[in-house]
Amino acid sequence: MLSSGVAARLTDLIAKQIRNRVNLVKGVESDIQNLSGELKRLGNTLDDAERREFKDKSVKDWLRKLEDASYEMDDVLDEWNISIVKLQQKKVGSFIPFPNLVVNNFAIRYDIALKIIEVKKRLDLIFVERDRFDFVASYPIHASREPRLSQTTSLIDLAKVCGRESENENLVDKLMSVGGSRDELDVCVLSIVGPGGIGKTTLAKLAYNDSRVKNCFQLRIWICVSRSFDEVGIANEIIFRVGGSKPNTNQLDMLLRCLKELISGKKFLLVLDDVWIEDNTKWEPLKNSLKQRDGVGSKILVTTRNQCVAVMIGSVKNEIHHLGSLSDDECWLLLSRIAFSGKNEEECKRFHNIGNNIAKKCKGLPLAAKTLGSLLLSKNTLKEWENVMNSKIWELEKVEIDIFSHLLISYNELSPTLKRCFSYCAVFPKDTKIDLESVVTKWMAMGYLESRGGNGGDWKVRGRENFDKLAMLSLFQNFKSCGDKTESFKMHDILHDFALFLRKNGRVGAAGMKKTTCQACNILIVSQVQEYRSLFNYKELPNPHLCDCLARVRLLSLRKCGLRGIPKQIKKLIHLRWLNLGRNNFHDQDVKTVCKLYNLQFLWLDMCQLERFPRKLGIWFT
């Protein structure tokens, strides 16, 4: 799933080694350069591959093999980097090139070269296999190639709506209010923002069909925009809806002049449902055509998953409504209306209690309630209902099809880096208050915040920018701030399940981890290391045992686990970037073990009663 990010990172790492002019065994440098070029070409088609993997098992298997080999190469490059550092240290400490130093250096380079050649062979086979899939290279999405989303309409069955009474009243009041814009010629733009499946379109329909709103506006127009913001198509559609005849032209200027003439002097409500575009240059001409001096009180209502869209389209803070979740009771009411359809009163009573518990799995998401209700409609025994209740929601096939495919639309819009940052957050247990500063260090340690060209740059800024983009897309919630700076956040349980689904189904991040037969470690520990290359369940770690199943871990927390010394085996964890040893009791000499971790970037040693640190620790202390 994250192969595009892996390929980009590998390309940067290889380029860095080439710039440093570090010699391997003769001939391997050219292999590395060829691999770098192949990875760049591969990156152009990975977007298409990642979009197809959930529908085509063979594509998923191919991506899995690519990820396995890519992470394997990433680890070999770690070894290469460490050998460079060690060689440089030996050169500094020795004026005479002793024979054993030369021999050892060659042996190390030869061993790494063999590993690179072996992994490259696997990648070469993967590159050849790619050709049979006919992946489309990444270009700006054209309307004709864009995945079609179902068109929404303004029609609504009020009997199937649960909750949202207060939100509807609030929205109707704002729609009927006079003014609201900052310019008498401007038109007030209201926005409903929230993640996919939260009920944005339903709320817009409720307000649109409210009798008070119908009596308030001379014209009401509903347009489903979707991902392709086609200015010409939208203008044509509005002209048609207000009763005009479509001009025989596709010239935007002529269409907008016709539109302006048709709505002149009329108070209108225009609903633009499911807007994605963030390009103001596409929106501005349409908005200018809707401005009118004699149409005071006209409104535009926008639904979107992205707060950036709401701001771009002209909504100010008090005009943006962030739609929240339903209550458990409202979810149950919505679910039961679907699940109990066709069942008699006795059957409804029999399934009531267990159904109530199932409704709690929805965590306030209307789409989840509808999906589980449809799933239960065909279940006629308590055993079948219990199976649904006891299943992890992301393991239910109907949930995958009806909910996660809906969320994948947003996910597929993310850059490879943002995909990695989002799905990594599944490493935290549900309902965890996630510290933003800490998660940014984790993203950096995982290599998600590397700048192009390998220059570290201001990773903290990039980390916060990535967080802001994900938050704007409603993928995070429950923000806690100090002033105007966000300090922590949470993930909605359904979105957490979605992130888990991405990790489990696509084995995101699990690639490159070798199978283990470890009997000493809890299977959950092994699983977390394999899926996230991270281990934070420090209380379950056999102390002070660090076995081979942890060999490729990148982030490790041994915080507050009663250690009286740093385990010597820790120096074998050569891929470690992030290490939390806080709140343990160490001696100053113990910390020298950490100096062997050449890739370490972050180290926590707070409350360890240490008096001084080794000078060799050139890393970020926290």
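Residues numbered from 1 in each chain as written. Predicted model: local features only at pLDDT ≥ 70, side-chain atom pairs only at ≥ 80, totals over all residues. Heavy atoms only, no water.

Trainee: Where do I start with the pairing of strand E1 (residues 188–193) in this structure?
Mentor: When a strand is regular, its side chains alternate between the sheet's two faces. In terms of residue burial, E1 counts as a mostly covered element, since 6 of its 6 residues are buried. In E1, alternate side chains face the same way, and those of Cys188, Leu190 and Ile192 on one face and Val189, Ser191 and Val193 on the other are all buried. Bridge analysis of E1 against strand E5 (residues 320–322) gives 3 bridges, and the strand direction is parallel. The residue of E5 that forms the bridge with Val193 is His322. (Buried < 20%, exposed > 50% of the residue type's maximum accessible area, 1.4 Å probe, protein only. Helix = DSSP H or I, 4+ residues; strand = E, 2+ residues; numbered from the N terminus. Pairing = 2+ DSSP bridges.)

Trainee: Help me understand the sheet that holds strand E3 (residues 268–275), please; the structure alone is not making it clear to me.
Mentor: Sheet strands pair via backbone hydrogen bonds, and the direction of the pair is either parallel or antiparallel. Strand order in the open sheet formed by 5 strands is E2-E3-E4-E1-E5, with parallel pairing between adjacent strands. Both edges of this open sheet fall to strand E2 (219–226) and E5, since each of them pairs with a single strand only. On average, each strand axis in the sheet is tilted by 15° relative to the strand beside it, whichever way the strands run. Pairing analysis gives 6 bridges linking E1 to strand E4 (residues 299–304), with the strands arranged parallel. (Axes fitted to C-alpha atoms, helices over the stretch in contact; angles between N-to-C directions.)

Trainee: Can you help me understand the packing of aromatic side chains in this one?
Mentor: Centre-to-centre distance and the angle between the planes together describe a pair of aromatic rings. Overall, the coordinates contain 24 aromatic pairs when judged by the stated rule. Measuring from centroid to centroid gives 5.2 Å for Trp62 and Phe135, while their planes differ by 45°, and the two rings are tilted. With Trp62 in helix H3 (residues 57–93) and Phe135 in the loop between helix H4 (99–130) and helix H5 (165–176), this residue pair connects regions lying 73 residues apart in the sequence. Look at Phe467 and Phe479: their rings are 6.0 Å apart centre to centre, the planes differ by 85°, and that puts the pair in the edge-to-face class. (Phe/Tyr/Trp six-rings, centres within 6.5 Å; stacked < 30°, edge-to-face > 60°.)

Trainee: Can you help me understand the pattern of salt bridges in this one?
Mentor: Side chains carrying opposite charge are able to pair once their charged atoms draw close together. On inspection of all chains with the given rule, the structure shows 21 salt bridges. Across the pair Glu129 and Lys65 runs a salt bridge, and its minimum N-O distance is 3.0 Å. Taken together, the positions of Glu129 in helix H4 and Lys65 in helix H3 put the pair 64 residues apart, joining distant regions of the chain. Notably, a salt bridge pairs Glu345 with Lys349, separated by 3.7 Å at the nearest N-O pair. One end of the pair is Glu345 and the other is Lys349, both in helix H13 (residues 345–360) and 4 residues apart, which spans about a single turn. (Salt bridge = Lys/Arg side-chain N within 4 Å of Asp/Glu carboxyl O.)

Trainee: I tried to follow the packing of helix H9 (residues 252–263) against helix H10 (residues 280–290) on my own but got confused; where do I start?
Mentor: Between two packed helices, what matters for the description is the angle formed by their axes and the separation of those axes. Between H9 and H10, whose axes approach to 8 Å, the crossing angle comes to 30°. Taken as axis vectors, H9 and H10 run roughly parallel relative to one another. In this structure, H9 meets H10 at a crossing whose hand is right-handed. Here Leu256, Leu259, Lys260 and Ile263 of H9 lie close against H10, whose contacting residues are Pro285, Leu286, Asn288, Ser289 and Leu290. Of the residues belonging to the contact of H9 with H10, the class tally is 6 nonpolar, 2 polar and 1 charged. (Parallel < 35°, antiparallel > 145°, perpendicular 65-115°, else oblique. Left-handed = near helix turned anticlockwise from the far one by under 90°. Contact = heavy atoms within 4.5 Å. Nonpolar A, V, L, I, M, F, W, Y, C, P; charged D, E, K, R; others polar.)

Trainee: What's the story with the sheet that holds strand E7 (residues 477–482) in this structure? I'm lost.
Mentor: Sheet architecture is open: 3 strands sit in the order E6-E8-E7, paired in antiparallel fashion. One side of each edge strand has no neighbouring strand; the edge strands of this open sheet are strand E6 (434–435) and E7. Note: E7 against strand E8 (residues 485–490), 4 bridges, orientation antiparallel. For Ser481, the partnering residue across the bridge sits in E8 and is Thr486. On the sheet, helix H19 (residues 459–472) packs against E7 and E8 and is oriented at approximately 55° with respect to E8.

Trainee: Whenever I open this one, the packing of helix H12 (residues 328–339) against H13 confuses me. Can you help?
Mentor: At a minimum axis separation of 9 Å, H12 and H13 run at an interaxial angle of 120°. Relative to H13, the element H12 lies oblique. Between H12 and H13 lies a crossing whose hand is right-handed. Counting all contacts with H12, which are made through Asp328, Cys331, Trp332 and Leu335, the residues of H13 involved are Phe351, His352, Gly355, Asn356, Ile358, Ala359 and Lys360. Taken together, the residues that form the contact of H12 with H13 break down as 6 nonpolar, 3 polar and 2 charged.

Trainee: What's the story with the side chain of Ser534 in this structure? I'm lost.
Mentor: Looking at the secondary structure, you find Ser534 in strand E9 (residues 534–535). Judged by relative accessible area, Ser534 falls into the buried class, the value being 0%. Here Tyr532 takes part through its backbone oxygen, which lies 2.8 Å from a polar atom of the side chain of Ser534. Not counting the four nearest positions on each side in its chain, Ser534 is found in contact with Tyr424, Met446, Gln528, Val529, Val553 and Leu555. (Polar contact = N/O pair within 3.5 Å; in protein donor to acceptor, adjacent residues only side chain to side chain.)

Trainee: How should I be thinking about the nonpolar core in this particular structure?
Mentor: Soluble globular proteins tend to bury their nonpolar side chains together. The biggest cluster of nonpolar side chains holds 90 residues, and the ones touching the most others in it are Leu335, Phe422 and Trp443. Ignoring sequence-local partners within four residues, the contact set of Phe422 consists of Tyr411, Leu470, Leu475, Phe476, Met491, Leu495, Phe498, Ala499 and Leu502. Core analysis: the next-biggest nonpolar cluster, separate from the first, contains 29 residues, Ile263, Phe268, Val275 and Ile300 among them. (Core = buried A, V, L, I, M, F, W, Y, C linked by side-chain atoms within 4.5 Å.)

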